[in-house]
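Single-letter residue listing:
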Amino acid sequence: MHLHAAYLRRVLRRRKHYVMFREEMSHRQKRRQMLASRRRRFQRELWLALAEEHVPRKCWGTAKSQDWWDRIVLCTWDDEEWIECFRMTRATFEYLVRILRPRLERQKTKFRDPITVEKRVAVAIWCLATGSCYRQAKDQFGIGVSTAGTAFLEVCYALEAELLCKTVCLGTAVGTVMDGFSALGFPHCVGAIDGSHIPICAPGGSPEQYGNRKKFSSILLQGTVDHRGRFIDTEIGWSGKNHDAFVFRNSAICAAMDAGTFVPGNPCLHLDGVTVPPIVISDGAYPIRRWLMKPYGTHAETEAHRNFDRALSRARNVVERSFGRLKSRFRCLATRLNCREENVVTVVSACVILHNICEERGHQLLGDRGDPRPVMVPPEEDAVLEQDRSHLEEGKIVRDALSKFMYNNNSRI
């Protein structure tokens, strides 16, 4: 009897505890529902308030970052400081902003103002010029890392779309270019061509695809420049393991010059019965054509031949100096280009466009910045392939006629 009473007391006590537990859980659930209802009501009121009046954010990023761009660069810097950091004067920067604004300007919303076009362009040019990563741009400009990366690529694509065809071209002043090369010692020339390695981060899927003979991953930038060092044609994107001559044979300028459509009017020079088209000069790695002159090298037999080689070397030096200035202005090309494989061509094109604009407007590199030695493709003599044999004899005839003309007309170096 005593055991039965004790058992009943334990059962009642457990039932009491169970009822109390159920009541506590019910109370907590009601409280959660009440808080959720308050939260929804508060959100509705907030949305209504924002719809009536815009409350802008007070700060994007740190105060230090905001001060650097908004209060120091825009308010106090002179042209020398602009060239030091952005490789161009403020007037040139504002010229770029005006051109790119239709593509880059974003709509204002009720929640925040977009990053200005000026700051987006500045972020991109600063990253190109200094070779800095997006995290450093975040600290410098007071924006997010992903925002810096997005602005960088959008500006590069906008530059390529708006200015590539207008800036990287021969133009109509062919006579001025020929006169410039004549002053350098080589007549009837419209350009000097060469190639340079652009180091890149090895793609994850196939790192060996872009490996070159110097044991690092790269793409080839084939550039043709005028007498001032402006790029008039580029071929970008071939793997660094390819030879200069291979890239040249598959380039657009090769097809255009063969067809006589690259130079407006295609003016020709007639020397002792030999028709000399507009000339492009190169080193020994390129296959000779009737319009592409390379040095005699070890095959130079006469003083006229040696004089031709000296004149060609002096005039062709303009392309090597141009590559040096390009990589000095935009340090991202002198180190490993830190972007995805599909964006590499656009980023390099943006650097070439900005280089041409700086050259056109006379923005000199500051003297205290050493020019990095460009990684050039070795000038090896390439084997004569079947597709080059048809051009070999024509090229030699034109070269002999030019060397004789230059020697006889006091174009001696």
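What you see is a predicted model; the values in this text were computed from it and never measured. (Residues numbered from 1 in each chain as written. Predicted model: local features only at pLDDT ≥ 70, side-chain atom pairs only at ≥ 80, totals over all residues. Heavy atoms only, no water.)

Here's the deal with the nonpolar core
Generally speaking, a soluble globular protein has its nonpolar side chains buried in company with each other.
(1) Moving on: If you look at the biggest cluster of nonpolar residues, it comprises 101 residues, and the most contacted ones within it are F86, L128, F186, I281, M293 and L337.
(2) Moving on: Among the elements that take part in this core, helix α12 (residues 344-360) stands out by supplying ten residues, more than any other.
(3) Moving on: Setting aside its immediate chain neighbours within four residues, M293 contacts F186, I279, V280, I281, S282, I288, F308, L312, G395, V398, R399 and L402. (Core = buried A, V, L, I, M, F, W, Y, C linked by side-chain atoms within 4.5 Å. Buried < 20%, exposed > 50% of the residue type's maximum accessible area, 1.4 Å probe, protein only. Helix = DSSP H or I, 4+ residues; strand = E, 2+ residues; numbered from the N terminus. Contact = heavy atoms within 4.5 Å.)

Some remarks on the environment of K327
(1) Moving on: Mapped onto the fold, K327 is located in helix α11 (residues 303-329).
(2) Moving on: Separated by 198 residues in the primary sequence, K327 and A129 have C-alpha atoms spaced 9.0 Å apart.

Quick word on unusual backbone geometry
(1) Moving on: Of note in this structure, H188 is not a glycine but carries a positive phi near 55°.
(2) Moving on: Of note, H188 is situated in the loop between α8 (174-184) and β1 (189-199).
(3) Moving on: Positive phi outside glycine occurs at D272, with the angle close to 50°.
(4) Moving on: Along the chain, D272 turns up in the loop between β4 (269-271) and β5 (274-276).
(5) Moving on: Judged by relative accessible area, D272 falls into the exposed class, the value being 69%.

Structural notes on helix α10 (residues 252-259)
(1) Moving on: Within α10, burial applies to I253, C254, A256 and M257.
(2) Moving on: In this structure, the buried residues of α10 make contact with β1, β2 (218-225), β3 (231-239), α9 (244-249) and β6 (279-281).
(3) Moving on: Immediately downstream of α10, the backbone of G260 shows phi near 75°, a positive value.

With respect to the environment of I357
(1) Moving on: Within the element layout of this structure, I357 appears in helix α12.
(2) Moving on: Counting along the chain gives 265 residues from I357 to T92, while the straight-line C-alpha distance between them is 8.3 Å.
(3) Moving on: With residues up to four places along the chain from it excluded, the contact list for I357 reads T92, L96, L163 and T167.

Structural notes on the packing of aromatic side chains
(1) Moving on: Counted under the stated rule, the structure contains 18 aromatic pairs.
(2) Moving on: With 5.8 Å between their ring centres and 50° between their planes, W69 and F141 make a pair best called tilted. Taken as a pair, W69 in helix α2 (residues 63-76) and F141 in helix α6 (residues 134-141) lie far apart in primary sequence, 72 residues in all.
(3) Moving on: Overall, F141 belongs to the buried group, its relative accessible area being 0%.
(4) Moving on: Arranged with centres 5.6 Å apart and planes meeting at 70°, the rings of F231 and F323 form a pair that is edge-to-face. With F231 in strand β3 and F323 in helix α11, this residue pair connects regions lying 92 residues apart in the sequence. (Phe/Tyr/Trp six-rings, centres within 6.5 Å; stacked < 30°, edge-to-face > 60°.)

Some points on empty space enclosed by the protein
(1) Moving on: As enumerated under the stated definition, the model contains one cavity of 30 Å³ or more in all.
(2) Moving on: Reported here for the largest cavity is a volume of approximately 60 Å³.
(3) Moving on: Every residue lining the largest cavity is listed: M257, G260, T261, F262, V263, N266, P277, P278, R290 and W291.
(4) Moving on: Partitioned by chemical class, the residues of the lining of the largest cavity number six nonpolar, three polar and one charged. (1 Å grid on protein atoms, 1.4 Å probe; cavity = no way out; pocket = protein on both sides within 12 Å on 5 of 7 lines; lining within 4 Å. Points joined across faces, edges and corners; volume = space filled by probe spheres on them. Nonpolar A, V, L, I, M, F, W, Y, C, P; charged D, E, K, R; others polar.)

A short note on the sheet that holds β2
(1) Moving on: Spatial strand order, β3-β2-β1-β6-β7: five strands in an open sheet with mixed pairing. Edge positions in the sheet fall to β3 and β7 (292-293), since each of these pairs with one other strand and no more.
(2) Moving on: As judged from the eight bridges shared by β1 and β2, these two strands associate in the antiparallel manner. Paired with S196 across the two strands is L221, which belongs to β2.
(3) Moving on: The sheet strands contacting α8 are β1, β2 and β6, and the helix crosses β1 at an angle near 80°.
(4) Moving on: Along the sheet, α12 makes contact with β1, β2 and β3, crossing β3 at roughly 160°. (Pairing = 2+ DSSP bridges. Axes fitted to C-alpha atoms, helices over the stretch in contact; angles between N-to-C directions.)

What to know about a positive patch on the surface
(1) Moving on: Together, R31, R38, R39, R40, R41 and R44 make up a region of like positive charge exposed at the surface.
(2) Moving on: Looking at the element boundaries, R40 is found in helix α1 (residues 2-52). (Patch = residues over 30% accessible without salt bridge, like charges linked within 9 Å, V, L, I, M, F, W, Y side chains within 5 Å. Areas by Shrake-Rupley, 256 points an atom, 1.4 Å probe, with all protein chains shown as cover. Salt bridge = Lys/Arg side-chain N within 4 Å of Asp/Glu carboxyl O. Lys, Arg positive; Asp, Glu negative; His and termini not counted. Charge placed at Lys NZ, Arg CZ, Asp CG, Glu CD.)

Topic: a negative patch on the surface
(1) Moving on: Negative charge collects at one region of the surface, where D78, D79, E80 and E81 lie side by side.
(2) Moving on: One can find E80 in helix α3 (residues 79-86).
(3) Moving on: By relative accessible area, E80 is classed as exposed at 55%.

Digging into the packing of helix α4 (residues 90-104) against helix α7 (residues 145-167)
Packed helix pairs are characterised by how far apart their axes lie and by the angle those axes make with each other.
(1) Moving on: Put simply, α4 and α7 touch, their axes get as near as 10 Å, and they point 105° apart. Regarding the angle of α4 to α7, the classification is roughly perpendicular. Listed contacts from α7 to L96, I99, L100, R103 and L104 of α4 are E154, V155, A158, L159, A161, E162 and L163. (Parallel < 35°, antiparallel > 145°, perpendicular 65-115°, else oblique.)

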